[in-house]
Amino acid sequence: MDPQKVRAILFDKDGTLFDFDATWGVWARAQLSDLARDAAHLSAMADAISFDYEQGRFDPASPIIAGTVAQAADLLLPHLPGRERTELIAALDEAAQNVPLVAPVPLAPFLSDLRARGLRLGICTNDAESTARAHASMAGVLELFDAIIGYDSGHGAKPTPSPLLAFADRLGLDPVTVVMVGDSLHDLRAARAAGMYAVAVLTGPAERAELAPEADVVLANIGELPGWLARINSGGCDA
C-alpha cells in the first residue's frame, strides 16, 4: 500500500486491547464448570472448543480465538442436548461481560494520546457489541471510541471486510486512511479486503511467522503503534 496519512485506528479487542487468555481463558473455565455434568462431560466440551482446562489456555488453532460467541455456542450445543441455542448464546454473552481485563499498556493514556494526535478510534470485534462496550467501560475508555462494532451490530463478522467498511463509512473516511490493528489472521485479512492498513500485534495466541505474511507490520503490542504511525505519516514504509 502506498503511504497515506492515517486518520483513524480500528482495534480488535481480545488479544489486542486486552490479553486473550486472561479474558477468555477465565471465561471458558467458568462456563465449562457451570455447564458440565461431570469430569468426562467437561473434558468433552473443552476438547470441542480446543481449550486446555487445567492451563486455562486455548490451542492456537481453536476456532474460538477469532470466532464469535455464537460459534462457541454451536460447538458446545452437541454436548448440551435440550439447550436452546439463543438462550445459550445470551448466557455466554452475559458471562463475558464480567471477565478480567489485562491490557498490554495503560489504555486510557495511550488512547488519549492517539486522540490528541487527531486520530479517530474504534473497536471492531467478533465479540458481541454489548460485551465490547462493557469491557471498554470497565477499562475506563468507552468515551474515547468513536464507534464500537461487534459481530451482532448488523455488519457481519471478520474476516469479512463489512464491519471495517461500516466504521469508515460512519466516520466519512476513505478506508485507505484507516489502520486495522489485530492479533489474528481474521483481523489482517479483513483489513486487506477493506483496503486498510493491516497491523499485527503479538499479544494474542498467534505467532509472528503466522501473521507477518498478511501484515504491513508486526508489532510486539499496541504500545509500539505511535512509532510506526510516525513513520507512515512522514511518508516512510515499514513492513
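First, a word on scope: everything that follows refers to the structure included in this document. (Residues numbered from 1 in each chain as written. Predicted model: local features only at pLDDT ≥ 70, side-chain atom pairs only at ≥ 80, totals over all residues. Heavy atoms only, no water.)

1. Examining the packing of helix α3 (residues 69-76) against helix α4 (residues 85-96)
The condition that has to hold: Think of each axis as a best-fit line through the C-alpha atoms, taken over the contacting stretch in the case of a helix, with angles from 0 to 180 degrees between the N-to-C directions. Runs of H or I in DSSP of at least four residues are treated as helices and runs of E of at least two as strands, each being numbered from the N terminus. The scheme is simple: roughly parallel for angles under 35 degrees, roughly antiparallel for over 145, roughly perpendicular for 65 to 115, oblique for anything else. Note on convention: the crossing is left-handed when the near helix lies turned anticlockwise from the far helix by less than a right angle, right-handed when the turn is clockwise. What makes two residues a contact is simply this: any of their non-hydrogen atoms within 4.5 Å. Each residue gets one of three labels, nonpolar for Ala, Val, Leu, Ile, Met, Phe, Trp, Tyr, Cys and Pro, charged for Asp, Glu, Lys and Arg, and polar for the others, Gly among them.
Axis separation between α3 and α4 bottoms out at 9 Å; the angle between their running directions is 125 degrees. With respect to each other, α3 and α4 are oriented oblique. The way α3 lies across α4 gives a crossing that is right-handed. When α3 is examined against α4, the residues V69, A70, A73, D74 and L76 are found in contact with a partner set consisting of R85, L88, I89, L92 and D93. Residues belonging to the contact of α3 with α4 are distributed by class as follows: seven nonpolar, no polar and three charged.

2. Observations regarding helix α2 (residues 39-48)
The condition is simple: Categorising residues by exposure relies on relative accessible area from a 1.4 Å probe, with only protein chains included: less than 20% of the type maximum marks a residue as buried, more than 50% marks it as exposed, and the intermediate range marks it as partly exposed. Note that the arc is defined by the directions from the helix axis to the C-beta atoms. Counted as a polar contact is a pair of N or O atoms within 3.5 Å, where, for protein atoms, one must be capable of donating a hydrogen and the other of accepting one, and residues adjacent in sequence contribute only when both atoms are in side chains.
Residues H41, L42, M45 and A46 constitute the buried set of α2. In an axial view of α2, the angular spread of the buried residues amounts to 135 degrees, which keeps them on one side of the axis. Facing away from the buried surface of α2 by more than 90 degrees, the exposed residues are A39, A40 and D47. The opening residue of α2 is D38, an N-cap whose side-chain oxygen sits 3.2 Å from the backbone nitrogen of A40. Looking one or two residues beyond α2, the residue adopting positive phi is S50, at roughly 55 degrees.

3. Concerning the pairing of strand β4 (residues 120-124)
Applied cut-off: Here a strand pair is declared whenever DSSP counts at least two bridges between the two strands. Think of it like this: strands point away, you trace from the first strand over the helix to the second, and a clockwise trace means the crossover is right-handed.
Burial of β4 is extensive: four of the five residues sit out of reach of the surface. As defined by bridge partners, strand β1 (residues 8-11) adjoins β4 across four bridges and the pair is classed as parallel. Bridged to A8 within β4 is R120. Pairing of β4 with strand β5 (residues 147-149), which is carried by three bridges, proceeds in the parallel orientation. If you follow I123 over to β5, its bridge partner there is I148. Read from β4 through helix α6 (residues 129-138) to β5, the crossover connection turns out right-handed.

4. Observations concerning the nonpolar core
What counts is decided by this rule: Buried Ala, Val, Leu, Ile, Met, Phe, Trp, Tyr and Cys residues form a nonpolar core when they are joined through side-chain atoms within 4.5 Å.
Core analysis: the largest hydrophobic core is formed by 31 residues, its most contacted members being I9, F11, L111, F145, L225 and W228. Counting only elements with at least two residues in this core, the list comes to β1, α5 (107-116), β4, α6, β6 (178-182), β7 (197-201), β8 (217-219) and α10 (225-233). L35, L88, I89 and L92 belong to the second-largest nonpolar core, a separate cluster that totals 29 residues.

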